[in-house]
Amino acid sequence: METLEKNQTDIKQLTGAQAVVQSLIEEGVDLIFGYPGGAIMPVYDALYDVDDQLEHVLTRHEQGAIHAAQGYARSTGKVGVCLATSGPGATNLITGIADAQIDATPLVCITGQVASHLLGTDAFQETDVIGISMPVTKWNYQVTKASEIPKAIAKAFYIAKSGKPGPVLVDITKDAQFEASKYQYQPFTGMRSYLPAPQLMSSKVKEAADLINVAKRPFVLFGQGVILSQAEAEFKAFIEKTGIPAGWTILGLSALESDHPLNVGMLGMHGNYAPNKLTNECDVLIAIGMRFDDRVTGNLDKYAKQAKVIHLEIDPAEIDKNVKTDVAVLGNAKESLEALTKLVHPNQHSDWLQRFRTLEQEEYEAVIQNELEPKEETLTMGEVIHQINKASDGKNVFVTDVGQHQMIACRYARFLQSKSMITSGGLGTMGFCLPAAIGAKMGVPDKQVIGIIGDGGFQMTLQELGTIFQSKVPVKIVVLNNEFLGMVRQWQELFFDKRYASTIMVNPDFQTIVKGYGIQTKLVQERSELQSAVQEMLECEDAYFLEVRVGKENNVFPMVPTGASVSEIRLK
């Protein structure tokens, strides 16, 4: 049975559109992203009357709106909200919805729909967004009566942010937006068919602790679940008590500060050498808030077969999905870690940790040293990130697009605070960065937000420069321009005999385009120009666009080839 928490809101008569707007205000929303159109026009008309309470950011495309909402949600931990009209407006949200679903980002998407008597008639700008979005939403619902709106919005926010977060979509017919109805808002508190977090079983915590206490070579893998459950302090307490080395997924990045002595680096295809190699040498593998994605595991037939596997996870569907678990601790990571830390013995694994340090040095000499301080004439992506690190305090929020620059930023950017790396993980959505950086900056205006983009991804959503121009968002954008679709080109070089099919980019003059949007900009082509340009960008109080021409055929290493084991990771 669904339960609602009563409050003292006066019962009043509102149109459905007014009910949408008032319900958002009741949920504490103060910022939304969207793009108007015919089927959502009544809601936009209602927004006109509350612009002092609810700021609307007009993006230049619905995909820009939803990625901006994602950036806002990821930087703040709040629910991101976006609006779109029916038909193409709604379908333009789908990529962002799918991205949010796989990366567990809490969103409420509200779409307009044709009038209810036209449903199913192929009316102008009608599409079945409920059917289309069903596989990529945590919950969706179509409203055809104004009286349904307060409860639907309340339920949407509850589902989006509870348990494992995710996107929800509420589709509202145009007649429901015009219709008047009695309005009373009651926050949603639960329903019998939905359990956001499994109840923690003390017996499973005890089993996990027993394995950890006898382990000689334990290894922790941590993901975004640590951040989503606000368990950063509990996680640090756990690894510091046990002395266990910890490696991270790209979505788990920033849950533990980069320079922590037990932080041994990034897992996966372009991760660090040591955590990949030693995954297949540990005796107990402790996965916390991560889902054993294929980019982390490589060949599953050769993944950690020697280890006992402990999995701390909120979603039962993730248990045994990819990697067979010996002990599954279901529940919220914060609660699970707190209980587990009480039962584990204080320990140090000095010899085991030294194995990581030895391999780290090998990677530094083979890869990192030349990436950060190259001897060749051409600039590298790594030295750009390194220069940003040197010129700032490590408290930046980095937002990346997808590709080589993404892997480089994750590998080399310095993080001292949680929620400071925002990237498209599971879906790998090019075009994510520019709008997501806008949303992130509007979510945390007191922080320096830096978007790192490749020349390919930049051109997928560069129209959002217009959003920066109109909304005056002081975000910093760095385009690392190698005139290639770099990651695909790297694979073509390594596995397709350098047959560069459709990966060469003939780019326009980015500087001219950016100047047209009134944004301060600079092009760097020589190493001697880089330091001062980065400093100028960081000191600028307004938006700033920095384009850096980097080596065209530089590769990202280490690399786990497709089909290979993580222990077969290549340094070159």
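Here the structure is a predicted model, which is why all the values come from computation and not from measurement.

Considerations on the overall build of the protein
No. 1: Along the protein, the regular secondary structure elements total 23 helices and 22 strands.
No. 2: The globule rule puts the C-alpha radius of gyration for 572 residues at 25 Å, and the 24 Å found for the protein is close to it.
No. 3: Projected onto its principal axes, the C-alpha coordinates of the protein cover approximately 70 × 65 × 40 Å.
No. 4: Burial analysis of the protein (572 residues in total) assigns 59% to the buried set.
No. 5: Counting contacts in the protein only where the partners sit at least 6 residues apart, residues at least 24 apart contribute 77% of the total.

Comments concerning helix α3 (residues 62-76)
No. 1: Under the 1.5 Å per step criterion, the end-to-end length of α3 is 21 Å for 15 residues, consistent within 8% with the ideal 21 Å.
No. 2: Along α3, 14 of the 15 residues are buried, which leaves the element largely enclosed by surrounding structure.
No. 3: At the exit of α3 stands G77, carrying a positive phi of roughly 80°.

So, the nonpolar core
No. 1: Among the nonpolar cores identified, the biggest contains 98 residues, and V220, F235, F238 and L285 are the most heavily contacted of them.
No. 2: Counting contributing residues per domain, this core is built from domain 2 (202-355) and domain 3 (379-549), each supplying no fewer than three.
No. 3: Residue contacts for F238: discarding those within four places in its chain leaves I212, V220, I244, I288, L337, L340, T341 and V344.
No. 4: Of all hydrophobic cores here, the second largest spans 50 residues; its members include I94, I97, V444 and I453.

What to know about the pairing of strand β16 (residues 327-330)
No. 1: Along β16, the buried face is formed by V327 and V329; none of A328 and L330, which line the opposite face, is buried.
No. 2: The sheet contact formed by strand β15 (residues 308-313) and β16 spans four bridges and is parallel. When the bridges of β16 are listed, H311 appears paired with A328.

Quick look at a negative patch on the surface
No. 1: On the surface, a cluster of negative charge is made up of D45, D49, D51 and D52.
No. 2: Here D45 is to be found in helix α2 (residues 41-47).
No. 3: Owing to a relative accessible area of 54%, D45 belongs among the exposed residues under this scheme.

A short note on the sheet that holds strand β7 (residues 139-143)
Pairing between the strands of a sheet comes from backbone hydrogen bonds, and it takes one of two forms, parallel or antiparallel.
No. 1: Taken together, the six strands give an open sheet; going across it, the order is β4-β3-β5-β6-β8-β7, and neighbouring strands pair in parallel fashion. Each end of this open sheet is capped by a strand with a single partner; those strands are β4 (55-58) and β7. Each strand of the sheet is rotated relative to its neighbour by a mean of 20°, with strand direction disregarded.
No. 2: Looking at chain direction, strand β3 (residues 31-34) and strand β5 (residues 80-84) are connected through two bridges and run parallel. Of the residues in β5, the one forming a bridge with G34 is L83.
No. 3: Taken strand by strand, α3 contacts β3, β5 and β6 (107-113), and its axis lies near 170° from that of β5.

Let's talk about the sheet that holds strand β12 (residues 246-248)
No. 1: Strand order in the open sheet made by the six strands is β13-β12-β11-β14-β15-β16, with parallel pairing throughout. Strand pairing shows two members of the sheet lacking a second neighbour, β13 (263-266) and β16, which therefore form its edges. Averaged over neighbouring strand pairs, the angle between their axes works out to 20° when direction is ignored.
No. 2: By the bridge criterion, five bridges tie strand β11 (residues 218-222) to strand β14 (residues 284-288) in an arrangement that is parallel. Its bridge partner being in β14, P218 is matched across the sheet by V284.

Things to note about the confidence of the model for the protein
No. 1: Model confidence for the protein is summarised by a mean pLDDT of 96, while 98% of its residues fall at 70 or above.
No. 2: Throughout residues 1-9 the model reports pLDDT below 50, and contacts reaching past four residues in sequence, or to other chains, amount to 26 contacts.

Remarks on the side chain of N263
No. 1: Within the secondary structure, N263 is located in strand β13.
No. 2: Judged by relative accessible area, N263 falls into the buried class, the value being 8%.
No. 3: A polar contact is formed between the side chain of N263 and the backbone nitrogen of G265, at a distance of 3.1 Å.
No. 4: Once you skip the residues sitting within four places of it in the chain, N263 turns out to touch A246, W248, L256, E257, S258 and R357.

Things to note about the packing of helix α9 (residues 202-214) against helix α14 (residues 333-343)
Think of two packed helices as two axes; the pair is described by the angle between the axes and how far apart they sit.
No. 1: Contact geometry for α9 and α14: axes closest at 9 Å, N-to-C directions at 50°. As summarised for this structure, α9 and α14 are arranged oblique, according to the angle between their axes. Viewed along their axes, α9 and α14 form a crossing whose handedness is right-handed. For the pair α9 and α14, contact is made by V205, K206, A208, A209, I212 and N213 and by A339, L340 and L343, respectively.

Considerations on the domain arrangement of the protein
No. 1: When its domains are assigned, the protein resolves into domain 1 (12-183), domain 2 (202-355) and domain 3 (379-549).
No. 2: For domain 1 versus domain 3, the distance between C-alpha centres works out to 29 Å.
No. 3: In total, domain 1 and domain 3 occlude about 1900 Å² of area from one another, counting both sides; carbon and sulfur atoms represent 62% of this.
No. 4: When the buried surface of domain 1 facing domain 3 is broken down by residue, R60, R74 and S75 rank first, second and third, together holding 31% of it.
No. 5: Where domain 1 meets domain 3, there are 10 residue pairs in polar contact (both at pLDDT 80 or more).
No. 6: Put simply, the parts of the chain that give the side of domain 1 that touches domain 3 at least two residues each are β3, β4, α3 and α5 (94-102).
No. 7: Tallying contributions element by element places α3 first for the side of domain 1 that touches domain 3, with 10 residues.
No. 8: Its residues placed into classes, the side of domain 1 that touches domain 3 shows eight nonpolar, 11 polar and five charged.

So, the environment of G77
No. 1: Note that G77 resides in the loop between α3 and β5.
No. 2: Look at G77 and you get exposed, because its relative accessible area is 53%.

A closer look at unusual backbone geometry
No. 1: The step from F557 to P558 runs through a cis peptide bond, and the omega angle for that step is 0°.
No. 2: When you line up the elements, P558 lands in the segment after β22 (544-549).
No. 3: A positive phi angle is found at D497, which is not glycine, with a value near 55°.
No. 4: Within the secondary structure, D497 sits in the loop between α21 (486-495) and α22 (510-516).

Calculation criteria
- Residues numbered from 1 in each chain as written.
- Predicted model: local features only at pLDDT ≥ 70, side-chain atom pairs only at ≥ 80, totals over all residues.
- Heavy atoms only, no water.
- Helix = DSSP H or I, 4+ residues; strand = E, 2+ residues; numbered from the N terminus.
- Rg over C-alpha atoms; globule rule 2.2 N^0.38 Å.
- Buried < 20%, exposed > 50% of the residue type's maximum accessible area, 1.4 Å probe, protein only.
- Contact = heavy atoms within 4.5 Å.
- Expected span 1.5 Å × (residues − 1).
- Core = buried A, V, L, I, M, F, W, Y, C linked by side-chain atoms within 4.5 Å.
- Domains from an automatic or database assignment.
- Pairing = 2+ DSSP bridges.
- Patch = residues over 30% accessible without salt bridge, like charges linked within 9 Å, V, L, I, M, F, W, Y side chains within 5 Å.
- Areas by Shrake-Rupley, 256 points an atom, 1.4 Å probe, with all protein chains shown as cover.
- Salt bridge = Lys/Arg side-chain N within 4 Å of Asp/Glu carboxyl O.
- Lys, Arg positive; Asp, Glu negative; His and termini not counted.
- Charge placed at Lys NZ, Arg CZ, Asp CG, Glu CD.
- Axes fitted to C-alpha atoms, helices over the stretch in contact; angles between N-to-C directions.
- pLDDT = per-residue confidence, 0-100.
- Polar contact = N/O pair within 3.5 Å; in protein donor to acceptor, adjacent residues only side chain to side chain.
- Parallel < 35°, antiparallel > 145°, perpendicular 65-115°, else oblique.
- Left-handed = near helix turned anticlockwise from the far one by under 90°.
- Buried area = accessible area lost by both parts, 1.4 Å probe.
- Nonpolar A, V, L, I, M, F, W, Y, C, P; charged D, E, K, R; others polar.

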